[in-house]
Amino acid sequence: MKLNANPQGIRELNILIKISQNIISTLQYEKVLQIISDGMAELFEIESAAIYTLEENNELILSATTPPLDPNMPESLRRALLENHPHVRNAIESKKPQHIPDTGKEKLSPSEQNIVDLRHLQSLLYFPFIQEEKSIGVLILGTCNKTRNFNKEEISFGQTIANQLSVAIQNTLLHADLKRHKENLEKLVHEKTLELDKTIDELKKTNKELISKNDIIFNQNAELKTALINLRNTQAQLFQAEKMASLGTLTAGVAHEINNPLNFIAGAYEGLNNYLNSKCIDDKNEFSVFLGSIEKGIKRISNTVMGLNYFSSENNSMDEKCQIHFVIENCLAIINSKINEKIEILKEFSPDELIVKGNISKLHQIFLNLLGNAIEAITEKGKIKITTERKNNWIITEIIDTGKGIPKNIIGNITDPFFTTKEAGQGTGLGLSITYNLVLEHNGKLEFESEITKGTTARVLLPTFEKHE
Amino acid sequence: MNNKINVLYIDDEPTNTELFEIIFSSFFNVVTGMDGFNGLEILEKNPEINVVISDMRMPGMNGLEFIKRAKNKYPDKRYYILSGFIITEEIRKSIEEKIILKYFMKPFDITEIKETIFENA
Ligand SMILES: Nc1ncnc2c1ncn2[C@@H]1O[C@H](COP(=O)(O)OP(=O)(O)OP(=O)(O)O)[C@@H](O)[C@H]1O
Ligand SMILES: [Mg+2]
């Protein structure tokens, strides 16, 4: 290599351009070092080159050589201690190039001697790679089998280039660092993602548990609600039972007190009738009007009292033969005092005798409650139509009033115990809840249809006594 | 004595017994008493009585108690209740057990009583 010679200068320039292009094309540390090693060997027209990098603990690593190292060479063989290579150490510590003109005449350490012998090295040049006042490694160039004289310019040129290259080395190191950071970061992100996934899984599980706990609470709540409703129903029934029981005692007592004097009248009537029939009287007609009136009066009182008596029946059996028309007539008779001239009662009864299987006293309660509500719904003039019919195994009774009707938003509540729209003291709100339960006891159904201001239809479906096949 | 059926009627209301006697004497020989104890005495003295009709609610002993006692002594007589109360579980049972044959309600239905007694004679 001859500096300043023009063609030679172009060659050097070309080599330098090649080195820097190669370096740009890769950012891999090992490759960059190899490019430098090869490039510098080519630049100096020297057979042998090597780069040691300095690790911590003053350890050297043989990172690249020209000709290249066997890539399978174990890393342990590439390691060396700085103290065993005094010339390398001098270059690193002085941060200045070192020169051995002839290895034959230089004092070498055993390790140095080994290498020199191995490759028949003769003249050696050491260029430290300096970065920010620190040596990061050494480039060693060596001739094999023959000595060569390196002049000062060549050495300082070499060092200049080595300085440039150390920037490139530093860049790749930084890049590697960056890459490592990036990889670390990615690893970290990955780990964190896994952790997060796990946490999410756990959260999901906890959530699931919470949901199932919620379900349990929800169910318990529902159970409590039904328990409460049952309790209210029982309470209502008890209330009603008590009401009916005292009503029963009262009506039975009243009936007895009426029936006895009625018996006097009936007996006296019979006696009078017999007596007058046995006498010859001109005016029989007039007498028969008197006697007929007494007889009619007795019958009517007796019927009303009989009706009252159905309230006091102690009988709880549910398989009595109950004539529905008889029950309804009876209820109408009992409730007659509440029906004023503004209310017209229409009956559309089935021509057949309709017999329900059930309890006659309870059936009375059902129809008394429904008729009572119908009457109370009519404030001005109105009609109550009662229809009966048999359909398959059902006896269907409808009580249709032209009263005020039931608003849509409360029609679902009217059978709730204590639900009433009547003023305090006017209604207990138990009527329909009792009615509903009594209908259920008969295995029947209770339905309502209503239109506000038009009226209400209460429909009772009860099973027939004999099944209709 | 004729061959009419002999009926004992027990009721604590004199009006009832008086009327009963007047009305039914044309069909039966009627004897009346004012309560269960009185009824037992009458039965003791008048073995010819074949039919006993009693009110239910009376002082001291109710109709059914009286009839049970009487029936114990005179099982072959026919016993009935005539009452202003609606039929009770107790009375229903005594009909099932054949202690009484029928239960009549006040105000009495003369034809019903007459026919029942003749039918069962
Ligand atoms: N035929 C009807 N027309 C209009 N509203 C009705 C009719 N039947 C029932 N209702 C409504 O349903 C409510 C509940 O009726 P329910 O018979 O249970 O109680 P109540 O009549 O108010 O009181 P109680 O029957 O104890 O005297 C009534 O207050 C009324 O608002
Ligand atoms: Mg009501």
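Shown above is the structure to which this text applies.
From a predicted model like this one, the values you see are computed outputs, not experimental measurements.

K.L.:
So what exactly am I meant to see when it comes to the overall build of chain B here?
P.N.:
The helix and strand inventory of chain B stands at five helices and five strands. Counting from the amino terminus, chain B carries its helices and strands in the arrangement β-α-β-α-β-α-β-α-β-α. In chain B, which comprises 121 residues, the proportion classed as buried is 52%. Partitioning the intrachain contacts of chain B with sequence separation of at least 6 by distance along the chain shows that 57% fall at a separation of at least 24. Counting every atom, chain B has about 5,800 Å² of accessible surface; 50% of that belongs to carbon and sulfur.

K.L.:
What is the right way to read the site of ligand 1 from this model?
P.N.:
All names here are of chain A. Within the structure, ligand 1 sits among 18 residues, and Thr 420, Thr 421, Lys 422, Thr 428 and Leu 432 are positioned closest to it. The separation between an oxygen atom of ligand 1 and a polar side-chain atom of Asn 373 is 2.8 Å. At 2.4 Å from an oxygen atom of ligand 1 is found a side-chain nitrogen or oxygen belonging to Thr 421. About the coverage of ligand 1: the protein hides 92% of its 600 Å² of free accessible area. Listing elements by their share of the shell around ligand 1, those giving two or more residues are helix H8 (360-377) and helix H9 (431-441). Broken down by element, the residue count for the shell around ligand 1 peaks at three residues, all from H8.

K.L.:
Could you clarify how one ought to interpret the sheet that holds strand S4 (residues 98-100) of chain A in this entry?
P.N.:
Pairing between sheet strands relies on hydrogen bonds along the backbone, with the strands arranged either parallel or antiparallel. Residues and elements named next belong to chain A. Across the sheet, which stays open at both edges, the six strands sit in the order S3-S2-S1-S6-S5-S4 with antiparallel pairing between neighbours. The open sheet terminates on both sides in strands that have one partner only, identified here as strand S3 (79-81) and S4. Between one strand axis and the next, the sheet turns through 25° on average, direction left out of account. Looking at chain direction, strand S1 (residues 48-54) and strand S6 (residues 134-144) are connected through six bridges and run antiparallel. By the bridge assignment, Ala 49 is partnered in S6 with Leu 141. Set on the sheet, helix H3 (residues 86-94) makes contact with S1, strand S2 (59-66), S4, strand S5 (121-131) and S6; between it and S6 the angle comes to about 140°.

K.L.:
I keep staring at the pairing of strand S7 (residues 320-323) of chain A and nothing clicks. Help me out?
P.N.:
When a strand is regular, its side chains alternate between the sheet's two faces. All names here are of chain A. Residues of S7 alternate between two faces, with Glu 320 and Cys 322 buried on one and Lys 321 and Gln 323 left unburied on the opposite face. By the bridge criterion, four bridges tie S7 to strand S9 (residues 355-358) in an arrangement that is antiparallel. Residue pairing across strands places Lys 321 opposite Lys 357, the latter belonging to S9.

K.L.:
Would you mind showing me how to read the packing of H8 of chain A against H9 of chain A here?
P.N.:
For any two helices packed against each other, one specifies the crossing angle of their axes together with the interaxial distance. Residues and elements named next belong to chain A. In the contact formed by H8 and H9, the axes pass within 9 Å of each other and the chain directions differ by 140°. Helix-helix and strand crossings are classified by hand; for H8 and H9 the assignment is left-handed. Residues Lys 362, Gln 365, Ile 366, Asn 369, Leu 370 and Asn 373 of H8 form the contact with H9, whose own contacting residues are Gly 431, Leu 432, Ile 434, Thr 435, Leu 438, Val 439 and Glu 441. A per-class count over the contact of H8 with H9 returns six nonpolar, five polar and two charged.

K.L.:
Could you clarify how one ought to interpret the sheet that holds strand S8 (residues 343-348) of chain A in this entry?
P.N.:
Residue and element names in this part refer to chain A. On the basis of which strands lie adjacent, the open sheet formed by five strands has the order S8-S10-S11-S13-S12 and mixed pairing. Each end of this open sheet is capped by a strand with a single partner; those strands are S8 and strand S12 (445-451). Strand-to-strand, the axes of this sheet are offset by a mean angle of 15°, without reference to chain direction. Taken together, the seven bridges between S12 and strand S13 (residues 455-463) define a ladder with antiparallel strand orientation. Bridge pairing in S13 places Glu 451 opposite Gly 455. In the packing of helix H7 (residues 324-335) onto the sheet, the strands contacted are S8, strand S10 (382-391), strand S11 (394-401) and S13, and the crossing angle to S10 comes to about 165°. Here H8 sits on the sheet and contacts S8, S10, S11, S12 and S13; the angle it forms with S11, its principal contact strand, is near 25°.

K.L.:
How do you make sense of the side chain of Thr 53 of chain A when you look at a structure like this?
P.N.:
All names here are of chain A. Tracing the backbone through its elements, the reader meets Thr 53 in strand S1. Given a relative accessible area of 5%, Thr 53 falls into the buried group. A distance of 2.8 Å separates a polar atom in the side chain of Thr 53 from a polar atom in the side chain of Ser 63. With residues near it in sequence (within four places) discarded, Thr 53 still touches Tyr 29, Leu 33, Glu 59, Leu 60, Ile 61, Ser 63, Ile 136 and Gly 137.

K.L.:
I tried to follow the pattern of salt bridges on my own but got confused; where do I start?
P.N.:
Side chains that differ in charge, positive against negative, can pair when their charged atoms come close. Residue and element names in this part refer to chain A. Here the structure, examined in full by the defined rule, presents 19 salt bridges over all chains. Two residues, Lys 385 and Glu 348, come together in a salt bridge whose shortest N-O distance is 3.7 Å. Residue Lys 385 is located in strand S10, and its partner Glu 348 is located in strand S8; the two are separated by 37 residues in the primary sequence. Through salt bridges with shared partners, one network takes in Glu 398, Glu 447, Glu 449 and Arg 459.

K.L.:
I would appreciate a short explanation of the interface of chain B and chain A in the present structure.
P.N.:
You'll often see interface size given as the accessible area lost when the parts meet. Between chain B and chain A, the residue contacts involve 18 residues of the former and 23 residues of the latter. Summing the contributions of chain B and of chain A, the shared interface buries around 1,700 Å²; its carbon and sulfur component is 62%. The largest share of the area that chain B buries against chain A comes from Phe 85, Ile 86 and Pro 107 of chain B, three residues that together contribute 29% of it. Applying the counting criterion to the chain B and chain A interface returns one salt bridge. With a closest N to O distance of 2.7 Å, Glu 257 of chain A and Arg 57 of chain B form a salt bridge. In this assembly, chain B and chain A are joined by eight residue pairs in polar contact (both at pLDDT 80 or more). For the side of chain B that touches chain A, the elements supplying multiple residues, two or more each, are helix H1 (14-24) and helix H4 (89-96) of chain B. The biggest single contributor to the side of chain B that touches chain A is H1 of chain B, with four residues. Within the side of chain B that touches chain A, the residues separate by chemical class into nine nonpolar, four polar and five charged.

K.L.:
Sorry if this is basic, but what is going on with the packing of aromatic side chains here?
P.N.:
For any pair of aromatic rings, geometry is given as the distance between the ring centres together with the angle between the planes. Residues and elements named next belong to chain A. Under the defined criterion, the tally for this structure stands at 11 aromatic pairs over all chains. With a centroid separation of 5.9 Å and 40° between ring planes, the pair formed by Phe 44 and Phe 127 is classed as tilted. With a gap of 83 residues between them, Phe 44 in the loop between helix H2 (29-43) and S1 and Phe 127 in strand S5 connect regions that are remote in the sequence. Here Phe 44 and Phe 127 have matching classes, each one buried.

About the criteria used
- Every chain's residues receive numbers from 1 upward, in the order its sequence appears when written.
- In the order they appear in the text, chains get letters beginning with A and ligands get numbers beginning with 1.
- The predicted nature of this model means local features are confined to residues of pLDDT at least 70 and side-chain atom pairs, given and counted, to a pLDDT of 80 or more, with totals for whole chains, interfaces and linings taken over all residues.
- Neither water nor hydrogens contribute to the side-chain values; these are computed over all heavy atoms in the structure.
- Comment: elements are numbered from the N terminus, with helices defined as DSSP H or I runs of at least four residues and strands as E runs of at least two.
- The rule is simple: take the accessible area with a 1.4 Å probe, protein chains only, and divide by the maximum for that residue type; under 20% is buried, over 50% is exposed, in between is partly exposed.
- Throughout, a contact is declared for two residues whenever any of their heavy atoms are within 4.5 Å.
- The Shrake-Rupley method, run with a 1.4 Å probe sphere, supplies the accessible areas, and residue values consider only the shown protein chains as cover.
- By convention in this text, a residue qualifies as near a molecule or strand provided that one of its non-hydrogen atoms is within 4 Å of it.
- The definition of a polar contact used here is a pair of N or O atoms within 3.5 Å, where within protein one atom must be able to donate a hydrogen and the other to accept one, and adjacent residues in sequence count solely through side-chain atom pairs.
- In this analysis, strands are considered paired if DSSP registers two or more bridges between them.
- Axis angles are defined between N-to-C directions and span 0 to 180 degrees, where every axis is a line fitted to C-alpha atoms and, for a helix, only to the segment in contact.
- What makes a crossing left-handed is the near helix being turned counterclockwise from the far one by less than a right angle; a clockwise turn instead makes it right-handed.
- Polar here means any residue other than Ala, Val, Leu, Ile, Met, Phe, Trp, Tyr, Cys and Pro, which are nonpolar, and Asp, Glu, Lys and Arg, which are charged; Gly is therefore polar.
- For this document, the term salt bridge refers to a Lys or Arg side-chain nitrogen within 4 Å of an Asp or Glu carboxyl oxygen.
- Defined here as a combined quantity, buried area equals the accessible surface (1.4 Å probe) lost by two parts on assembly, summed across both.
- Two aromatic rings, drawn from Phe, Tyr or Trp (for Trp, its six-membered ring), form a pair once their centres lie within 6.5 Å of each other, and the interplanar angle then sorts them: stacked below 30 degrees, edge-to-face above 60, tilted otherwise.

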